[in-house]
Amino acid sequence: MQPFSYKKAGGADNAVALVSPQEQAAYLAGGTSLIDLMKLNVQTPQQLVDINPLPLSKIEMHNNGVRIGAMARNSDVAYDAMIRERYPVLSEALLSGASPQLRNMASVGGNLLQRTRCYYFRDTAFPCNKRVPGSGCPAIEGHNRIHAILGGSDRCIATHPSDMAVAMVALDAVVQIRGSKGERSVPLVDFHLLPGETPERETVLQHGELIVAVDLPGSPFARRSHYLKVRDRASYAFAMASVATALDIQNGIIRSARIALGGVGTKPWRAYAAEKLLVNKPANEATFQAAANAAVAGSKPQKYNGFKVELTKRTIVRALFTVGGMA
Ligand SMILES: Cc1cc2nc3c(=O)[nH]c(=O)nc-3n(C[C@H](O)[C@H](O)[C@H](O)COP(=O)(O)OP(=O)(O)OC[C@H]3O[C@@H](n4cnc5c(N)ncnc54)[C@H](O)[C@@H]3O)c2cc1C
Ligand code: SF4
């Protein structure tokens, strides 16, 4: 690990003022992602600004929905009574991630900004366009079983690893950001970027901008929602494919639908085409299958991850059966 200095932030504006002017400064939240990557010399900030003292951990009613502070711990969000009742998909997604100890430390802001688990990215002995722009992508010709089938480019095919973000994308979450020029809001679906030509740019966040909260809009039909994660081990493993879904069904007809995918996209993946196919259709197997086919249309599997196409379809159908109360 490279040497670094450490400061505690005195407030949100103070945190922004400490990080913004220094390209080599970074916020420290739970540290469960950042410290790992510092130990591997993948990230080498010279200055850490600890945001744990900031009063950003509330989970509260806001504009008919819920505002979750950026420093709310993953376990506190997962077990919050309001979240469990109004957005079960979010609680289930959080509880499917990592381990209890990690969830007790991991924060909402840090979870959104965790880096990919692509093994070439995490091993500095390999080139990697995301870590060193222009150096190449060994995953494309290499071992790519865990990589993305949706949203990749010829520069990078790494998946986004977060479960929480997949549920939040399905719920139309909005990220609240504070920077040296003031505050701004970004819909989560626009927050993460596709790799394109610049895989090193992962989000719209500018250096020094601080995530202060995530807002979930009031959505009565999100009460009927579900997160299904398929992985190599029953626990403590990242998704091979996951589905966050919510359905509004009236008299057997689907009135609105949300589907987002994890483990298969280069960012938390909102499956708009699949949602469109579900609306005004009867809630039955044929409809669910059509939606699943639409969700993976245009996917680009690599040599070792072709299984993800069928796996994703089956995971979608199973999640829809469950959320539709037909499982
Ligand atoms: C063994 C292991 C297994 C895991 N399994 C899963 C899993 O199955 N599913 C899953 O989703 N995740 C999993 N994780 C990832 C875990 O959820 C993340 O490490 C965690 O959510 C990151 O949050 P943190 O608060 O610790 O972030 P940190 O490590 O403190 O920060 C991460 C990044 O975010 C930046 N940052 C943090 N907060 C803010 C903010 N408010 N504003 C701006 N920048 C900020 C930091 O500067 C840093 O760059 C796993 C992690 C480990 C180590
Ligand atoms: S897939 Fe992306 S993160 Fe992985 S080696 Fe290629 S460029 Fe790096």
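Worth saying up front: this structure is predicted, and the values here are computed from it rather than measured.

Participant: Go over the packing of aromatic side chains with me, naming the residues and quoting the values.
Facilitator: Going through the model one piece at a time under the given rule, you end up with three aromatic pairs. Their ring planes at 75 degrees and their centres at 5.5 Å tell us that Y119 and Y120 sit as a pair that is edge-to-face. Residue Y119 is classed as partly exposed on the basis of its relative accessible area, which comes to 31%. For Y120, a relative accessible area of 11% gives the class buried. Aromatic pair F288 and F321: ring centres 5.4 Å apart, planes at 85 degrees, arrangement edge-to-face. Placement of the pair is F288 in helix α12 (residues 285-296) and F321 in helix α13 (residues 307-323), with a sequence separation of 33 residues. A relative accessible area of 0% places F288 in the buried class. By the ring-pair criterion, three or more aromatic residues cluster together here, those being Y119, Y120 and F126.

Participant: Any chance you could break down the sheet that holds strand β5 (residues 65-69) for me, citing the residues and the numbers?
Facilitator: What the five strands build is an open sheet, ordered β4-β5-β8-β6-β7; its pairing is antiparallel. Among the strands making up the open sheet, the edge pair consists of β4 (59-62) and β7 (182-187). Adjacent strand axes in the sheet meet at a mean angle of 25 degrees when their direction is disregarded. In this structure, β5 lies alongside strand β8 (residues 210-216), joined through four bridges in antiparallel fashion. In the strand pairing of β8, R67 is matched with D215. Running over the sheet, helix α1 (residues 12-19) touches β6 (174-179) and β8 and is turned about 70 degrees from β6.

Participant: Could you give an account of the UniProt feature "domain: FAD-binding PCMH-type" (unreviewed entry) in the chain, with specific residues and numbers?
Facilitator: Here, the residues flagged by UniProt with the feature "domain: FAD-binding PCMH-type" (unreviewed entry) are residues 1-221. The distance from the first to the last C-alpha atom of residues 1-221 is 47 Å, and the span holds 27% helix and 18% strand.

Participant: Requested: an account of empty space enclosed by the protein, with residues and values cited.
Facilitator: All chains considered together, the criterion is met by one cavity of 30 Å³ or more. By volume, the largest cavity amounts to about 80 Å³. If you trace the largest cavity, you find 17 residues lining it, with C118, C128, C137, C156 and A158 closest to the centre. The residue makeup of the lining of the largest cavity, split by class, is eleven nonpolar, four polar and two charged.

Participant: Can you tell me about the site of ligand 1, naming the residues and giving the values?
Facilitator: Close to ligand 1 lie 31 residues, the nearest being Y27, G31, T32, S107 and D163. In this structure, A29 approaches ligand 1 through a main-chain N or O atom, which is 2.9 Å from an oxygen atom. Side-chain polar atom of T32 to an oxygen atom of ligand 1: 2.7 Å apart, as the coordinates give it. Its free accessible area being 980 Å², ligand 1 has 92% of it covered by the protein chains. Elements supplying a minimum of two residues to the shell around ligand 1: α2 (34-39), α7 (108-112) and β8. With three residues, α7 is the single largest residue contributor to the shell around ligand 1. The residue makeup of the shell around ligand 1 includes at least three contributed by each of domain 1 (5-53) and domain 2 (225-324).

Participant: Give me the lowdown on α1, citing residues and values where you can.
Facilitator: Among the residues of α1, A12, A15, V16 and V19 are the ones counted as buried. Within α1, the buried residues cover an arc of 95 degrees as seen down the axis, which keeps them to one side. With respect to the buried face of α1, the exposed residues turned more than 90 degrees away are D13 and A17. If you follow the buried residues of α1, they end up packed against β2 (25-28), β3 (47-50), β6 and β8.

Participant: Lay out the site of ligand 2 with the relevant residues and their values.
Facilitator: The full set close to ligand 2 counts 14 residues, and C118, C128, C137, R155 and C156 are the nearest of them. Under a 2 Å grid-point criterion requiring more than half of the atoms, the pocket assigned to ligand 2 is the largest cavity. Tallied by class, residues from the shell around ligand 2 come to ten nonpolar, two polar and two charged.

Participant: Could you give an account of the side chain of E209, with specific residues and numbers?
Facilitator: Mapped onto the elements, E209 comes out in the loop between α10 (188-191) and β8. At 2.7 Å, the side chain of E209 forms a polar contact with the side chain of R184. From its side chain, E209 meets the backbone nitrogen of Q206 in a polar contact 2.8 Å long. If we ignore the near neighbours within four places in the chain, the residues touching E209 are Y27, I177, R178, G179, R184 and V204.

Participant: I'd love a proper account of the sheet that holds β2, names of residues and values included.
Facilitator: Read from one edge of the open sheet, three strands run β1-β3-β2, paired in parallel fashion. What marks the edges here is a single partner per strand, and that holds for β1 (5-8) and β2. Along the sheet, successive strands turn relative to each other by an average axial angle of 25 degrees, direction set aside. Bridging between β2 and β3 involves four bridges; their strand directions are parallel. By the bridge assignment for β3, A26 is matched with L48. Docked against the sheet, α1 engages β1, β2 and β3, running at close to 150 degrees with respect to β2.

Rules used in this analysis
- Residues numbered from 1 in each chain as written.
- Chains lettered and ligands numbered in written order.
- Predicted model: local features only at pLDDT ≥ 70, side-chain atom pairs only at ≥ 80, totals over all residues.
- Heavy atoms only, no water.
- Phe/Tyr/Trp six-rings, centres within 6.5 Å; stacked < 30°, edge-to-face > 60°.
- Buried < 20%, exposed > 50% of the residue type's maximum accessible area, 1.4 Å probe, protein only.
- Helix = DSSP H or I, 4+ residues; strand = E, 2+ residues; numbered from the N terminus.
- Pairing = 2+ DSSP bridges.
- Axes fitted to C-alpha atoms, helices over the stretch in contact; angles between N-to-C directions.
- Contact = heavy atoms within 4.5 Å.
- UniProt positions renumbered as here; feature names shortened; annotations may be inferred.
- 1 Å grid on protein atoms, 1.4 Å probe; cavity = no way out; pocket = protein on both sides within 12 Å on 5 of 7 lines; lining within 4 Å.
- Points joined across faces, edges and corners; volume = space filled by probe spheres on them.
- Nonpolar A, V, L, I, M, F, W, Y, C, P; charged D, E, K, R; others polar.
- Near = heavy atom within 4 Å.
- Polar contact = N/O pair within 3.5 Å; in protein donor to acceptor, adjacent residues only side chain to side chain.
- Areas by Shrake-Rupley, 256 points an atom, 1.4 Å probe, with all protein chains shown as cover.
- Domains from an automatic or database assignment.
- Arc of directions from axis to C-beta.
- Sits in = over half its atoms within 2 Å of the grid points.

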